[in-house]
Amino acid sequence: DAKTTQPNSMESNEEEPVHLPCNHSTISGTDYIHWYRQLPSQGPEYVIHGLTSNVNNRMASLAIAEDRKSSTLILHRATLRDAAVYYCILRAPSNTGKLIFGQGTTLQVKP
Amino acid sequence: DAGVIQSPRHEVTEMGQEVTLRCKPISGHDYLFWYRQTMMRGLELLIYFNNNVPIDDSGMPEDRFSAKMPNASFSTLKIQPSEPRDSAVYFCASSRLAGGSYEQYFGPGTRLTVT
């Protein structure tokens, strides 16, 4: 699986949008872009994934650059409960299941 | 549906003792994964099963670690004998299918402390 690069930490104010970036310049044409998050003292939680087009679900939006070398996870209105470590992970379609976690981005949300 | 269930949630044991961690995956999921998380190494995959068969155990640190999945609804991770460096949070996860477009669902983890 190709490597991703994320900022170590970010801060946001409550009820403001948050844009979490991820660079993946070595992504292959068939790699999926996955985002997971880990709240304090909990297991990782699936957030969203996409391939080429932007994706939306109840938790977040995923914006994928046209060249697919970067993506952005968007939390439209951050809440204190969104404070977590966010992981950007690439998965090949033939990936047999492994999730390779990097260091992720620690998001702090201030009231 | 109940999520992935792990037990115990916390385990404190003395060096040299046997430790058994348990996991019940989500019903209908054919893949089960065991991960370990430490401050030094982050989250790392230890082993995973497909239809109760171990597929990749390359992440198992050494022979002291063993994992079994006797049926589709139960798996164990055993450490014998345990050592202080095994102290970590152990997560179990399951997914319906493998492949790049499928998500994994994680349990709450077992925090293991070996003294």
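Residues numbered from 1 in each chain as written. Chains lettered and ligands numbered in written order. Predicted model: local features only at pLDDT ≥ 70, side-chain atom pairs only at ≥ 80, totals over all residues. Heavy atoms only, no water.

(A) Inspection of the packing of aromatic side chains at higher detail. Tallied over the full model, the rule gives 11 aromatic pairs over all chains. When the ring of Y36(A) is compared with that of Y46(A), the centres are 5.7 Å apart and the planes differ by 75°; the resulting orientation is edge-to-face. Highlighted residues: Y36(A) in strand β3 (residues 32-38) and Y46(A) in strand β4 (residues 45-50), separated in sequence by 10 residues. Accessibility assignment for this pair places Y36(A) and Y46(A) in one class, buried. Ring centres of Y35(B) and F106(B) lie 5.2 Å apart, and the angle between their planes is 40°; on these two criteria the pair is classed as tilted. In this pair, Y35(B) is assigned in strand β4 (residues 31-38) and F106(B) in strand β10 (residues 105-106), connecting sequence segments 71 residues apart. Among the residues examined, F106(B) registers a relative accessible area of 12% and is labelled buried. (Phe/Tyr/Trp six-rings, centres within 6.5 Å; stacked < 30°, edge-to-face > 60°. Helix = DSSP H or I, 4+ residues; strand = E, 2+ residues; numbered from the N terminus. Buried < 20%, exposed > 50% of the residue type's maximum accessible area, 1.4 Å probe, protein only.)

(B) Structural context of the interface of chain B and chain A. Tallying the contact residues gives 20 residues for chain B and 19 residues for chain A. Surface buried jointly by chain B and chain A totals about 1,600 Å² across both partners, of which 52% is contributed by carbon and sulfur atoms. Its largest share of buried area at the contact with chain A, chain B owes to L43(B), G100(B) and F106(B), together 30% of the area lost on that side. Our count for the chain B to chain A interface comes out at four residue pairs in polar contact (both at pLDDT 80 or more). Going through the elements one at a time, β4 and β5 (42-50) of chain B are the ones with two or more residues in the side of chain B that touches chain A. Taken together, the residues that form the side of chain B that touches chain A break down as 11 nonpolar, seven polar and two charged. (Contact = heavy atoms within 4.5 Å. Buried area = accessible area lost by both parts, 1.4 Å probe. Polar contact = N/O pair within 3.5 Å; in protein donor to acceptor, adjacent residues only side chain to side chain. Nonpolar A, V, L, I, M, F, W, Y, C, P; charged D, E, K, R; others polar.)

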